[in-house]
Amino acid sequence: MTQAGGPAAINGFLYQMIQHLGRLADIALSGRLDGQEIEEACLVLEPRGGGDARAEAAGIYLVEQYKTRRGGTWAVADIESALRDLRKAVPTPLPALARYRFVTDGRAGRLEEFTSFLAEVKNVTAPDELDAVERRSFGAHFIGTHREFFDHISITPRSADAPATVDEADRVFHLLSRFDIEFGIDGVECAEQIERLLRRYAENLGDERRVREHHTLLRWSEVAQVPAARQEHD
């Protein structure tokens, strides 16, 4: 597990950059976003509204939060921290096809009750339909029913003394019903996937400058209507 302090901060920054590059490569080179073929997309890195990256295309609104904890685990309280940030990314009006994703190289801790809670949220149409009878342990910080835990989540992203409004409940329910977690997403493996994708365009990854200049010359030749062969030289 990465040591706390400077090394952890640098490792987290690099992990986030790799995820950004992977998303850029998928959109720009593969023409795909979140597994779907797209023609155009807008990718916002470090959006002000929450999350580490936001991608939008026709029928797609995807927000991702990246956290590295290589060799470590995530508890429910840790996931709540990610939800607080993703809550800020929920727009108005609420997009029907939105997805909010927490991506990490860490492992799941004791998340059985939280997983059960998410499954029920995705199987009902409103918070009032959540189980309000059986009390469950979500860790040392909270014990209660699914309905009570939802209320706890609804208040957590706001200030501690601010009551949850109907609008806030709708937003949190929207977030939770479209929230997913991807554990074990290794940064090294992601970098290797990006490299394999780039090798389709530059066999020698140390020669990106020549490839870039080649494509620049091709664009110039198209504008000037000059055969590309006359423009290419060492």
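This is a predicted model, so every value here is computed, not measured.

Visitor: When you look at the confidence of the model for the protein in this model, what are you seeing that I'm missing?
Guide: If pLDDT is low for a region, its predicted coordinates should not be looked at in detail. Per-residue confidence for the protein gives a mean pLDDT of 83; residues scoring 70 or more make up 78%. The least confident element of the protein is helix α8 (residues 228-231), whose mean pLDDT is 42; the most confident is helix α3 (residues 112-121), at 97. Note on residues 158-162: pLDDT under 50 across the span, and five contacts to partners over four residues away in sequence or across chains. Low pLDDT (under 50) marks residues 224-234, which in the prediction has nine contacts with non-local residues, meaning those over four places away or in another chain.

Visitor: When you look at a nonpolar patch on the surface in this model, what are you seeing that I'm missing?
Guide: A surface patch of nonpolar side chains, amounting to about 400 Å² of accessible area, comprises Ile 10, Phe 13, Leu 14 and Met 17. Tracing the sequence through the fold places Leu 14 in helix α1 (residues 6-30).

Visitor: In this structure, what is going on with the packing of aromatic side chains? I would like to understand it.
Guide: Any aromatic ring pair is given by two values, namely how distant the centres are and how the planes are angled relative to each other. Inspection of the entire model under this criterion finds ten aromatic pairs. Each ring, one from Phe 114 and one from Phe 149, has its centre 6.2 Å from the other, and the planes form 85 degrees; the classification is edge-to-face. Pair noted here: Phe 114 is in helix α3 and Phe 149 is in helix α4 (residues 146-155), with a separation of 35 residues, a long-range link. Of the two residues, Phe 114 and Phe 149, neither departs from the other in class, the shared state being buried. Members of the aromatic cluster, joined through ring pairs, are Phe 114, Phe 117, Phe 138, Phe 142 and Phe 149. Its end group placed over the ring of Trp 74, Arg 69 keeps NZ or CZ at 3.8 Å from the ring centre.

Visitor: What am I meant to see in the side chain of Arg 101 here?
Guide: In this fold, Arg 101 is placed in strand β7 (residues 98-104). A distance of 2.7 Å separates polar atoms of two side chains, one belonging to Arg 101 and the other to Asp 34. Excluding its chain neighbours within four sequence positions, the residues that come into contact with Arg 101 are Arg 23, Asp 34, Leu 62, Val 63, Glu 64, Gln 65, Leu 86, Asp 180 and Glu 182.

Visitor: I keep staring at the sheet that holds strand β3 (residues 41-45) and nothing clicks. Help me out?
Guide: Two pairing modes exist for strands in a sheet, parallel and antiparallel, and in both the strands are linked by backbone hydrogen bonds. Strands sit in the order β3-β4-β5-β7-β11 across an open sheet of five strands; the sheet is mixed. The open sheet has two edge strands with one neighbour each: β3 and β11 (179-182). For this sheet, the mean angle separating the axes of adjacent strands, direction not counted, is 15 degrees. The pairing of strand β5 (residues 60-67) with β7 spans seven bridges and is classified as parallel. Within β7, the residue paired with Glu 64 across the bridge is Arg 101. Across the face of the sheet, helix α2 (residues 76-87) comes into contact with β5, β7 and β11 while running at roughly 140 degrees to β5.

Visitor: Mind showing me how you'd approach the packing of α3 against α4 here?
Guide: Each pair of packed helices can be summarised by the angle the axes make with each other and by the distance between the axes. One way to put it is that α3 packs onto α4 with a least axis distance of 11 Å and a crossing angle of 90 degrees. Relative to α4, α3 is oriented roughly perpendicular. On α4, the residues that touch Glu 113, Phe 114, Ser 116, Phe 117 and Glu 120 of α3 are His 146, Phe 149 and Phe 150. Residue composition of the contact of α3 with α4, grouped by class: four nonpolar, two polar and two charged.

Visitor: Looking at this structure, I do not really get the nonpolar core. What am I missing?
Guide: Note that soluble globular proteins tend to have their nonpolar side chains buried in a common cluster. If you look at the biggest cluster of nonpolar residues, it comprises 31 residues, and the most contacted ones within it are Tyr 100, Phe 114, Phe 117, Leu 176 and Phe 179. When residues of this core are traced back to their parent elements, those giving at least two are β5, α2, β7, α3, α4 and α5 (166-177). Membership of the second largest hydrophobic core comes to seven residues, among which are Ile 27, Leu 33, Ala 57 and Ile 60.

Reading the values: rules and limits
- Residues numbered from 1 in each chain as written.
- Predicted model: local features only at pLDDT ≥ 70, side-chain atom pairs only at ≥ 80, totals over all residues.
- Heavy atoms only, no water.
- pLDDT = per-residue confidence, 0-100.
- Helix = DSSP H or I, 4+ residues; strand = E, 2+ residues; numbered from the N terminus.
- Contact = heavy atoms within 4.5 Å.
- Patch = residues over 30% accessible without salt bridge, like charges linked within 9 Å, V, L, I, M, F, W, Y side chains within 5 Å.
- Areas by Shrake-Rupley, 256 points an atom, 1.4 Å probe, with all protein chains shown as cover.
- Salt bridge = Lys/Arg side-chain N within 4 Å of Asp/Glu carboxyl O.
- Phe/Tyr/Trp six-rings, centres within 6.5 Å; stacked < 30°, edge-to-face > 60°.
- Buried < 20%, exposed > 50% of the residue type's maximum accessible area, 1.4 Å probe, protein only.
- Lys NZ or Arg CZ within 6 Å of the ring centre and 35° of its normal.
- Polar contact = N/O pair within 3.5 Å; in protein donor to acceptor, adjacent residues only side chain to side chain.
- Pairing = 2+ DSSP bridges.
- Axes fitted to C-alpha atoms, helices over the stretch in contact; angles between N-to-C directions.
- Parallel < 35°, antiparallel > 145°, perpendicular 65-115°, else oblique.
- Nonpolar A, V, L, I, M, F, W, Y, C, P; charged D, E, K, R; others polar.
- Core = buried A, V, L, I, M, F, W, Y, C linked by side-chain atoms within 4.5 Å.

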